[in-house]
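A closer look at the structure
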Amino acid sequence: MGQYQDYIGIYEDAASEELCDEVIKKFESLWENRLYLNIDSVQSSEQYGGSLNRRDDCIFFETCAKDIGDKIHKVVGKCFEEYKEKYVGFSNAKIFSHTVKVQKTVEGGGFHGWHSEHGEGGSSLRIGVWCLYLTTHEGHGETEFITQGLRLPPKKGTLVLWPAGHTHPHRGNPIYGDEVKYIATGWLELVGSRNL
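Residues numbered from 1 in each chain as written. Predicted model: local features only at pLDDT ≥ 70, side-chain atom pairs only at ≥ 80, totals over all residues. Heavy atoms only, no water.

1. Details of the pairing of strand 2 (residues 8-11)
Burial of strand 2 is two-sided: the residues Ile-8 and Ile-10 facing one way and the residues Gly-9 and Tyr-11 facing the other way are all buried. As judged from the 3 bridges shared by strand 1 (residues 3-5) and strand 2, these two strands associate in the antiparallel manner. Bridge pairing in strand 2 places Gln-3 opposite Ile-10. Connecting strand 1 to the antiparallel partner strand 2 that follows it, the hairpin turn spans 2 residues, and Asp-6 within it adopts a positive phi of roughly 50°. By the bridge criterion, 3 bridges tie strand 2 to strand 12 (residues 159-163) in an arrangement that is antiparallel. Note that in strand 12 the partner of Gly-9 across the bridge is Leu-161. (Buried < 20%, exposed > 50% of the residue type's maximum accessible area, 1.4 Å probe, protein only. Helix = DSSP H or I, 4+ residues; strand = E, 2+ residues; numbered from the N terminus. Pairing = 2+ DSSP bridges.)

Spelled out as structure tokens, the structure:
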């Protein structure tokens, strides 16, 4: 059963520890052996920086590890079904999640700029965001929502859902020390927004 605050759904123990560990192991294997399919399947901290001050490494599992991506989507789908019961405005919309972006964040890394997930171009039909924490961190690495005055500490297996629009600007707070943070994230989009 989820917890809800200001249209943010928090689902503890949504994913098993085994699934979280499997995702991390696969990420490290793909990264180390450069087994991602093409440059569009990976983003590295060298590509970021600038005004976004973003530092993390990412692999898109929907292209590189579809079997594991499908397992994550099952977790997202189960939580979203409960979310739709709480917030009935989504109940008649045809919504899907295509992307499974797995991110690795080291000390000082993350996406520290306030942002929402709905914008122009490819993000214009995003209506929701999901984030699955694959590791636990206390006192740092939170997902922070400025308007809601909320900081969510990463807890392994917890999935969070929230609206993609301007009502929910957020950021990833830095990781400190020698800890490494892993998450899987993606978007809920209206059907028809992509060619599947």
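2. Some details on the pairing of strand 14 (residues 181-190)
Most of strand 14 is tucked away, with 9 of its 10 residues classed as buried. Across 2 bridges, strand 6 (residues 95-96) lies against strand 14 in antiparallel orientation. Each bridged residue has a counterpart across the sheet, and for Phe-96 the counterpart in strand 14 is Glu-189. Judged from the 5 bridges that link them, strand 7 (residues 101-105) and strand 14 form a sheet pairing that is antiparallel. Considered in strand 14, the bridge of Lys-104 is made with Tyr-182. Strand direction decides the pairing type here: strand 9 (residues 126-133) and strand 14, joined by 7 bridges, are antiparallel. Residue pairing across strands places Val-129 opposite Trp-187, the latter belonging to strand 14.

3. Examining unusual backbone geometry
Phi angles above zero are rare outside glycine, and Asp-6 is one such case at about 50°. Position of Asp-6 relative to the elements: it lies in the loop between strand 1 and strand 2. Here Tyr-7, not a glycine, exhibits a phi torsion of approximately 70°, which is positive. Of note, Tyr-7 is situated in the loop between strand 1 and strand 2. Taking relative accessible area as the criterion, Tyr-7 reaches 46% and is therefore assigned partly exposed.

4. Digging into the sheet that holds strand 10 (residues 143-145)
Paired through their backbone hydrogen bonds, the strands of a sheet run either parallel or antiparallel. Judged by pairing direction, the sheet is antiparallel, and its 3 strands sit side by side in the order 11-10-13 without closing on themselves. With partners counted over all chains shown, the strands left at the sheet margins are strand 11 (150-152) and strand 13 (170-172), one partner each. Each strand of the sheet is rotated relative to its neighbour by a mean of 20°, with strand direction disregarded. Pairing between strand 10 and strand 13: 3 bridges, direction antiparallel. Within strand 13, the position partnered with Glu-144 by the bridge is Arg-171. (Axes fitted to C-alpha atoms, helices over the stretch in contact; angles between N-to-C directions.)

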